[in-house]
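The primary structure of each chain is shown beneath.
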Amino acid sequence: MALMPILTAPDPRLKKKARPVEAVDSKVRRLMDDMLETMYDAPGIGLAAPQVGVLKRVIVVDVAEKEAAPEPLQLANPELVWVSDHDNTHEEGCLSVPEHYADVIRPDEIRLRYLDRDNRIGTLEANGILATCIQHEIDHLNGILFIDHISALKRNMILRKLLKEKKLAQKEAATA
Ligand code: NI
């Protein structure tokens, strides 16, 4: 397994739509494992393949409490087949939007179809933080970040700050 560098906004690669995998083969399984390791290391509760520069429809999620046993999910081609009418508001963050958080409204309950690590079709029902996290990761597969759900004013403020930090880091790297 290996850690993968995580892209941060603004980056055009985070705005692209990812392609479905044909099958979960050993290559996709390795990607899933590297993504999970990268997510735990960050640390985060979800990661989508485009965030590590791979335009495939693969996500990993683990919303278990810190002290609890891990509950990793490694999903390919995740697809929402149903969402509830009632919504929920959660404060979201993202490894690709470091140090910024905002309330996002999403359906509270979802039903999902996907391919698992063994290339079998699975279904999953989720609510609460797990439903929020899965929807956030599926958004990544469609080039959507959580800041695309908030006001343009707040989004542009965050993107400007991130860009400034990026330029500063580049400058420091160049003079180091
Ligand atoms: Ni994210």
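Going along each chain's sequence as written, the residues are numbered from 1 onward. In view of the model being predicted, local features appear only for residues whose pLDDT reaches at least 70, and side-chain atom pairs are presented and counted only at 80 or more, with totals across whole chains, interfaces and linings using the full set of residues. Side-chain calculation: all heavy atoms of the structure are included, whereas hydrogens and water are not.

Caption draft 1: Spotlight on the overall build of the chain. Numbered from the N terminus, helices here are DSSP runs of H or I no shorter than four residues, and strands are runs of E no shorter than two. Helix and strand counts for the chain come out as three helices and seven strands. The order of helices and strands in the chain, counted from the N terminus, is α-β-β-β-β-β-β-β-α-α. Against the 2.2 N^0.38 benchmark of 16 Å for 176 residues, the chain shows a C-alpha radius of gyration of 16 Å, consistent with a compact globule. Along the longest, intermediate and shortest principal axes, the C-alpha atoms of the chain span 50 × 40 × 35 Å. We call a residue buried when its accessible area falls under 20% of the maximum for its residue type, exposed when it is over 50%, and partly exposed in between, using a 1.4 Å probe and counting protein chains only. Sorting the 176 residues of the chain into buried and exposed places 43% on the buried side. Here the contacts in the chain between residues at least 6 apart in sequence split such that 65% fall between residues at least 24 apart. The accessible surface values rely on the Shrake-Rupley method and a 1.4 Å probe; as for residues, cover is taken only from the protein chains in view. Working note: accessible area of the chain is about 10,000 Å², and carbon and sulfur atoms make up 52% of it. If you average the places of the 24 positive and of the 28 negative side-chain charges in the chain, the two averages end up 10 Å apart. This radius of gyration counts C-alpha atoms alone. The globule rule is 2.2 Å times how many residues there are, raised to the power 0.38. Contacts are assigned to residue pairs with any non-hydrogen atoms lying within 4.5 Å of each other. The sign given to each residue is positive for Lys and Arg and negative for Asp and Glu; His and the chain ends receive no count. In plain terms, the charge of a residue is placed at NZ if it is Lys, CZ if Arg, CG if Asp and CD if Glu.

Caption draft 2: Molecular detail of the pairing of strand β6 (residues 109-115). Strands qualify as paired when DSSP identifies two bridges or more between them. The pairing of strand β3 (residues 73-83) with β6 spans five bridges and is classified as antiparallel. Paired with A76 across the strands is L115, a residue of β6. Looking at chain direction, β6 and strand β7 (residues 121-127) are connected through seven bridges and run antiparallel. Counterpart to I110 in the pairing with β7 is A126. Between β6 and β7, which follow one another and run antiparallel, lie five residues, and N119 among them has a positive phi close to 65 degrees.

Caption draft 3: Representation of unusual backbone geometry. Cis geometry is adopted by the peptide bond preceding P10, which originates at A9 and carries an omega value of -10 degrees. Within the element layout of this structure, P10 appears in the segment before α1 (26-41). Residue P43 is reached from A42 by a cis peptide bond, and omega for that bond is -10 degrees. With respect to the secondary-structure elements, P43 resides in the loop between α1 and β1 (46-48). A positive phi is found at N77, a non-glycine position, where the angle reads about 50 degrees. Mapped onto the elements of the fold, N77 is located in strand β3. Positive phi, close to 65 degrees, is recorded for N119, a residue that is not glycine. Note on placement: N119 falls in the loop between β6 and β7. Judged by its relative accessible area of 33%, N119 is partly exposed.

Caption draft 4: Seen up close, α1. An ideal rise of 1.5 Å per residue puts 22 Å on 16 residues; α1 measures up with 22 Å between its terminal C-alpha atoms. When α1 is considered as a whole, its buried residues turn out to be V28, L31, M32, D33, D34, M35, L36, T38 and M39. For α1, the secondary structure elements touched by its buried residues are β1, β2 (58-61), β3 and β6. Between the first and last residue of a helix there are one fewer steps than residues, each counted as 1.5 Å, and that sum is the expected span.

Caption draft 5: Examining the coordination of the nickel ion more closely. Distances from the nickel ion to its protein donors, namely C94 (SG), H136 (NE2) and H140 (NE2), fall within the range 2.1 to 2.2 Å. Spacing between the donor residues of the nickel ion along their common chain follows C-x41-H-x3-H. Here C94 is found in the loop between β4 (87-92) and β5 (102-107), whereas its partner H140 is found in helix α2 (residues 128-141), with 46 residues between them in sequence. A relative accessible area of 11% means that C94 is categorised as buried. The rule for donors is simple: N, O or S, within 2.8 Å of the metal, or within 3.2 Å if the metal is Na, K or Ca. Water isn't counted, so a site may look like it is missing partners.

Caption draft 6: Quick look at the pattern of salt bridges. Salt bridge, as used here, is a side-chain nitrogen of Lys or Arg placed within 4 Å of a carboxyl oxygen of Asp or Glu. What the rule picks out here adds up to nine salt bridges. A salt bridge links R111 to E125; the nearest nitrogen and oxygen atoms lie 3.1 Å apart. Separated by 14 residues along the polypeptide, R111 in strand β6 and E125 in strand β7 bring together distant segments of the chain. The class for E125 is exposed, based on a relative accessible area of 58%. Among the charged side chains, a salt-bridge network with shared partners connects E92, R106 and D139.

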